[in-house]
Amino acid sequence: MYTNHANRAKHDIESSELRKKKRMKCLAYVAAFAVFQTAIILIFVLTIMKVRTPKFRVRSANLESSEVVTAANPSFNMSMTAQLGVKNANFGNYKFQGSTVDFLYGNTPVGQAVVPKTKAGWRSTKKLTVVVNLSSNALTAGNSQLENDINAGFLTLNSQSTLNGKVELLFIFKKKKSINMDCNLTIGLTDKTVREINCK
Ligand SMILES: *[C@@H]1O[C@H](CO)[C@@H](O)[C@H](O)[C@H]1NC(C)=O
Ligand SMILES: *[C@@H]1O[C@H](CO)[C@@H](O)[C@H](O)[C@H]1NC(C)=O
Ligand SMILES: *[C@@H]1O[C@H](CO)[C@@H](O)[C@H](O)[C@H]1NC(C)=O
């Protein structure tokens, strides 16, 4: 095939340069792949493996019954059905212990709802329906704030709760997470409805 040594030598040099080029190309591919894989792992760690704090709030509430006295000694007794939500944005379940939700008027507890032990599935909202009896019995008689609010036709209650639980990322990695509820509910007394719910 080769007519002389010079040609053969030239060919050898060319083919070794070609091999070198090929090797460099191959290394470049390996490096690119490593960068690509690192990026994938980073995205995985930063999104899927990230522990997000679930949110606990009152989603909606209805008054089933309500008795309000506006006379000399203002007081109320109400039964409220509330839908609570535990919103879990994690790639894993949020399992929590049973707890309670305290409803406060000012700083005084006026009712308590029971939250059962359960879980919020990954990337979903667990909805819990609870019933709570609200009563002004614990408030001191002749509470002037209550008198003003009842005369104005609005009551603002605050709901407080803490859930203790664990986020289970991909069913394997467990991380303790406590979450708080802090919501204000404005109750309209004349139409007996929950007008507004604001949560932190
Ligand atoms: C609420 O219930 C208590 C007894 O638990 C009673 O003494 C009070 O009069 C009731 N108030 C109203 C507004 O019905
Ligand atoms: C609310 O009060 C009613 C009547 O007193 C009672 O039957 C009911 O069990 C109470 N509900 C809760 C959740 O405490
Ligand atoms: C609830 O109302 C109180 C008093 O107006 C306010 O200080 C607090 O920030 C409110 N909380 C929420 C969750 O809106």
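Residues numbered from 1 in each chain as written. Chains lettered and ligands numbered in written order. Predicted model: local features only at pLDDT ≥ 70, side-chain atom pairs only at ≥ 80, totals over all residues. Heavy atoms only, no water.

S.K.: Residue-level account of the pattern of salt bridges, with values.
M.R.: For the coordinates displayed, the defined rule picks out four salt bridges. Here Asp182 makes a salt bridge to Lys200, at a shortest N to O gap of 3.7 Å. With Asp182 in strand β9 (residues 173–188) and Lys200 in the segment after β10 (193–199), the pair connects residues that are 18 residues apart, well separated along the chain. For Lys200, a relative accessible area of 78% corresponds to the exposed category. The salt bridge involving Asp191 is made with Arg195; its shortest N-O contact spans 3.0 Å. Exposure remark for Asp191: the relative accessible area of 38% places this residue in the partly exposed category. (Salt bridge = Lys/Arg side-chain N within 4 Å of Asp/Glu carboxyl O. Helix = DSSP H or I, 4+ residues; strand = E, 2+ residues; numbered from the N terminus. Buried < 20%, exposed > 50% of the residue type's maximum accessible area, 1.4 Å probe, protein only.)

S.K.: Would you mind going over the domain arrangement of the protein chain in detail, with residue names and values included?
M.R.: For interface size, the figure often reported is the accessible area lost on association. Per the domain assignment, the segments of the protein chain are domain 1 (1–48) and domain 2 (55–199). The straight-line distance from the C-alpha centre of domain 1 to that of domain 2 is 64 Å. (Domains from an automatic or database assignment.)

S.K.: Give a description of the packing of aromatic side chains that names residues and reports values.
M.R.: Considering all chains together, one arrives at two aromatic pairs under this definition. Pairing Phe33 with Phe36 gives two aromatic rings, centres 6.4 Å apart and planes at 35°, and the pair type is tilted. Placement of both Phe33 and Phe36 in helix α1 (residues 5–48) is noted, with a separation of three residues, approximately one turn of the helix. Residues Tyr94 and Phe96 carry aromatic rings whose centres are separated by 5.7 Å and whose planes lie at 35° to one another, so their mutual orientation is tilted. Judged by its relative accessible area of 0%, Tyr94 is buried. (Phe/Tyr/Trp six-rings, centres within 6.5 Å; stacked < 30°, edge-to-face > 60°.)

S.K.: Requested: an account of the pairing of strand β8 (residues 154–169), with residues and values cited.
M.R.: Relative to β8, strand β3 (residues 92–96) runs antiparallel, the two sharing five bridges. Residue pairing across strands places Tyr94 opposite Val167, the latter belonging to β8. In this structure, strand β4 (residues 99–105) lies alongside β8, joined through four bridges in antiparallel fashion. Bridge pairing in β8 links Phe103 to Ser159. Relative to β9, β8 runs antiparallel, the two sharing 16 bridges. Note that in β9 the partner of Leu155 across the bridge is Ile187. Where β8 folds back on β9, the antiparallel hairpin that results is connected by three residues, among which Leu170 adopts a positive phi of roughly 50°. (Pairing = 2+ DSSP bridges.)

S.K.: Give me the environment of Asn184: which residues, what numbers.
M.R.: On the secondary structure map, Asn184 appears in strand β9. The exposure class of Asn184 is partly exposed, given its relative accessible area of 36%. For the pair Asn184 and Ile197, spaced 13 residues apart in sequence, the C-alpha separation works out to 5.7 Å. Excluding residues within four positions of it along the chain, Asn184 makes contact with Thr156, Leu157, Asn158, Glu196, Ile197 and Asn198. (Contact = heavy atoms within 4.5 Å.)

S.K.: I'd like a rundown of the nonpolar core, residues and numbers included.
M.R.: Nonpolar side chains in soluble globular proteins tend to be buried together. In terms of nonpolar packing, the biggest core is built from 38 residues, with Phe56, Met80, Leu84, Phe103 and Leu134 touching the most fellow members. Tallying contributions element by element places strand β2 (residues 75–88) first for this core, with six residues. Sequence-distant contacts of Phe56, defined by excluding residues within four places in its chain, comprise Leu84, Gly85, Val86, Val101, Val115, Ser161, Leu163, Ile179, Asn180 and Met181. (Core = buried A, V, L, I, M, F, W, Y, C linked by side-chain atoms within 4.5 Å.)

S.K.: Which residues make up unusual backbone geometry, and what are the values?
M.R.: In this structure, Arg123 takes a positive phi of about 50° despite not being glycine. Within the element layout of this structure, Arg123 appears in the loop between β6 (118–120) and β7 (124–135). Backbone geometry places Lys192, a non-glycine residue, at a positive phi of 50°. Turning to its location among the elements, Lys192 is positioned in the loop between β9 and β10.

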